[in-house]
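Chain by chain, the residues:
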Amino acid sequence: YSSVVFPLSCAVQNYSWGKVGLESEVAKLLTSGDPLVQIQPDRPYAELWMGAHPRGDAIIRDNRIPQKTLGQWIADNPACLGTKVKDTFQGQLPFLFKVLSVDTALSVQAHPNKELAAKLHAQFPEHYPDANHKPEMAIALTPFEGLCGFRPVEEIVSFLQNVPELRALIGEVAAEQLERSGSDDPRGVSAALRVCFTRLMKSEKKFFVDQLNMLVKRISQEVEEGRDTSGSNGELLLRLHSQYPGDIGCFTIYFLNLVKLEPGEALFLGANEPHAYLRGDCVECMACSDNTVRAGLTPKFIDVLTLCEMLNYTPAPSSSKIFPAVQSQLDPSVYVYDPPVPDFAIMRIEIPASIKLYLISAMDSASILLVIQGTAVGTSTAAASEMSLCRGSVLFISANESISLHLSSPDGMLLFRACCLL
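Residues numbered from 1 in each chain as written. Predicted model: local features only at pLDDT ≥ 70, side-chain atom pairs only at ≥ 80, totals over all residues. Heavy atoms only, no water.

Draft legend 1. Geometry of the overall build of the chain. A tally of helices and strands in the chain yields 11 helices and 23 strands. The C-alpha atoms of the chain give 23 Å as radius of gyration, which agrees with the globular expectation for 422 residues (22 Å, within 12%). Counting only C-alpha atoms and orienting by the principal axes, one finds that the chain spans roughly 70 × 45 × 40 Å. Among the 422 residues that make up the chain, the fraction classed as buried is 57%. A separation of at least 24 residues holds for 76% of the contacts in the chain among residues at least 6 apart in sequence. (Helix = DSSP H or I, 4+ residues; strand = E, 2+ residues; numbered from the N terminus. Rg over C-alpha atoms; globule rule 2.2 N^0.38 Å. Buried < 20%, exposed > 50% of the residue type's maximum accessible area, 1.4 Å probe, protein only. Contact = heavy atoms within 4.5 Å.)

See below:
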């Protein structure tokens, strides 16, 4: 007996920035998918990991399958990945699929490219656990906010002129260099930006804490007086300072774009792109790695030098960060988010209420399917018995296998499917 389509029970990460109890989309999906799960009302439910990463290998919910976890099963059945995926990624599932529920900001971070990842892993394996790159893509489930990429220079210059505390940290010489850098010389702009950002991130702790306190005091007074604080990004500054008082990361809001996603909108983060998720719920897919270089808004290990060296200092407006989905030519219910890396892609599948029978099509890659909305019974020539699917269900689908969904919910279904489109 060999079933190659089966349900998964997925690992939860209770990081401190996660939404708490049933406020969390992760917790809601867990309880819907398995009513026996006990959700602790005061615990953060930050991430759901759907994949075979050693720090969160999914458990197979089919007692006829001898292997306990997805990682073990793939190791014993590598052909399930699909020929191309198996050969390209050495018999490993190349992606990790997640749901994130963000309550307080994640650290200001970037993920290394392959070359830097190999070097960091060799030098500091305790901080950089593997040698892989980690491009990632987030698709909003609820209104979602994050910092991402360097702002257009004129926005940064405007903050340098409106926020004296920021200018003090960067210093007059560096600030003027950025003000003078012209749009006709992109390398000059990037160099000036690198100097300014590095000076900020490497400023003396006591000095930046004093400046931050002055800034927070000044903005709080302006808010009390009913003044407009948008010229110094006041609302976001006060929010981040309340979450991470005295943290240098609070100042990064003057350099990085604030990107707001509506449900279904996506953000793609290539190597070396500075970012910090701020709040909201999303599905996320990434290359299977845990490498993160951090430099603020965090109590964790920070590596400011590496971060400032590696970043992509190309300014761009926040609108350019939103990654478009393309409606499938073959199936109007499918929207494909196909980033410029080979490791993963995501499909959003919106099945309208009028459809009662829907085919999840076969593809030449293993995939993981997550149900966000709706109920159905799934049948597959590859599964021994029918599978009941509801909100929170997660299925592993081997390459070249399809599933027929017999929909039972009155308002259609919303699914996300992570795969590899080589």
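Draft legend 2. Highlighting the UniProt feature "binding site: Zn(2+)" (unreviewed entry) in the chain. Mapped onto the present numbering, the UniProt feature "binding site: Zn(2+)" (unreviewed entry) falls on Gln109, His111, Glu136 and His275. These annotated residues cover 167 residues of sequence, and their C-alpha atoms all fall within 12.4 Å of one another, placing them together at a single site. Assignment of secondary structure puts His111 in the loop between strand E6 (109–110) and helix H4 (114–123). With near-sequence residues (within four places) excluded, His111 lies in contact with Lys134, Glu136, Ala271, Asn272, His275, Asn291, Thr292 and Met310. Secondary-structure assignment places His275 in strand E11 (residues 275–287). Apart from the residues within four sequence positions on either side, His275 is in contact with Ser107, Val108, Gln109, Ala110, His111, Glu136, Leu147, Cys148 and Leu269. Within the structure, the side chain of His275 is placed 3.3 Å from the side chain of His111, a separation counted as a polar contact. (UniProt positions renumbered as here; feature names shortened; annotations may be inferred. Polar contact = N/O pair within 3.5 Å; in protein donor to acceptor, adjacent residues only side chain to side chain.)

Draft legend 3. Local environment of the environment of Gln109. Within the secondary structure layout, Gln109 lies in strand E6. Not counting chain neighbours up to four residues away, the residues in contact with Gln109 comprise Glu273, Pro274, His275, Thr292, Val293, Arg294 and Leu307. Among the polar contacts made by the side chain of Gln109, one reaches the side chain of Ser107 at a distance of 3.0 Å.

Draft legend 4. Representation of the sheet that holds strand E22 (residues 403–407) in the model. If you walk across this open sheet you meet the four strands as E17-E22-E19-E20, and the pairing is antiparallel. In this open sheet, the two edge strands, each paired with only one partner strand, are strand E17 (357–360) and strand E20 (387–389). When strand polarity is set aside, the average angle formed by the axes of neighbouring strands in this sheet is 30 degrees. Note: E17 against E22, four bridges, orientation antiparallel. Residue pairing for E22: Tyr358 is matched across the bridge by Leu405. (Pairing = 2+ DSSP bridges. Axes fitted to C-alpha atoms, helices over the stretch in contact; angles between N-to-C directions.)

Draft legend 5. Representation of the domain arrangement of the chain in the model. Assigned domains of the chain: these are domain 1 (1–151 + 255–345), domain 2 (153–254) and domain 3 (346–419). When each unit is reduced to the centre of its C-alpha atoms, the spacing between domain 2 and domain 3 is 47 Å. (Domains from an automatic or database assignment.)

Draft legend 6. Broad picture of the environment of Pro263. Position of Pro263 among the secondary structure elements: in the loop between strand E9 (256–261) and strand E10 (266–269). For Pro263, a relative accessible area of 46% gives the class partly exposed. Linking Pro263 and Tyr244, residues 19 residues apart in sequence, is a C-alpha distance of 27 Å. Ignoring sequence-local partners within four residues, the contact set of Pro263 consists of Ala140, Leu141, Thr142 and Pro143.

Draft legend 7. Representation of the packing of helix H5 (residues 153–162) against helix H7 (residues 172–180) in the model. Their axes nearest at 10 Å, the elements H5 and H7 cross at an angle of 140 degrees. Relative to H7, H5 is oriented oblique. By crossing handedness, the relation of H5 to H7 is classed as left-handed. Residues Val153, Ile156, Val157, Leu160 and Gln161 of H5 form the contact with H7, whose participating residues are Ala175, Leu178 and Glu179. The residue inventory of the contact of H5 with H7, partitioned by class, reads six nonpolar, one polar and one charged. (Parallel < 35°, antiparallel > 145°, perpendicular 65-115°, else oblique. Left-handed = near helix turned anticlockwise from the far one by under 90°. Nonpolar A, V, L, I, M, F, W, Y, C, P; charged D, E, K, R; others polar.)

Draft legend 8. Spotlight on the packing of aromatic side chains. This structure, assessed with the given rule, holds 12 aromatic pairs. Considering the side-chain rings of Trp73 and Phe396, the 5.8 Å spacing of their centres and the 70 degrees angle between planes classify their relative orientation as edge-to-face. With a gap of 323 residues between them, Trp73 in helix H2 (residues 70–76) and Phe396 in strand E21 (residues 394–397) connect regions that are remote in the sequence. Phe396 gets classed as buried once you look at its relative accessible area, which sits at 0%. Sitting over the face of the ring of Tyr15, Lys300 holds its NZ or CZ atom 5.2 Å from the ring centroid. The ring of Tyr335 is capped by Arg348, whose NZ or CZ atom sits 4.4 Å from the centre of that ring. (Phe/Tyr/Trp six-rings, centres within 6.5 Å; stacked < 30°, edge-to-face > 60°. Lys NZ or Arg CZ within 6 Å of the ring centre and 35° of its normal.)

Draft legend 9. Quick look at the pattern of salt bridges. Using the criterion set out here, one finds 18 salt bridges in the structure. Among the ionic pairs, Asp290 bridges to Arg55, the shortest N-O distance being 2.7 Å. One end of the pair, Asp290, is in the loop between E11 and strand E12 (293–294); the other, Arg55, is in the loop between strand E3 (47–50) and strand E4 (59–60), with 235 residues separating them in the sequence. Classification of Asp290 by relative accessible area gives buried; the value is 15%. Across the salt bridge formed by Arg218 and Glu222, the nearest N and O atoms sit 3.2 Å from each other. Residue Arg218 and its partner Glu222 are located together in helix H9 (residues 205–224), separated by four residues, close to a single helical turn. Its relative accessible area of 22% is what places Arg218 among the partly exposed residues. (Salt bridge = Lys/Arg side-chain N within 4 Å of Asp/Glu carboxyl O.)

Draft legend 10. Region of the structure containing the UniProt feature "active site" (unreviewed entry) in the chain. With numbering aligned to this structure, UniProt lists the feature "active site" (unreviewed entry) at Arg294. Topologically, Arg294 is positioned in strand E12. Beyond its immediate chain neighbours, meaning those up to four positions away, Arg294 contacts Ser107, Val108, Gln109, Lys300, Phe301, Ile302, Asp303 and Val304. A distance of 3.3 Å separates the side chain of Arg294 from the side chain of Ser107, its partner in a polar contact.

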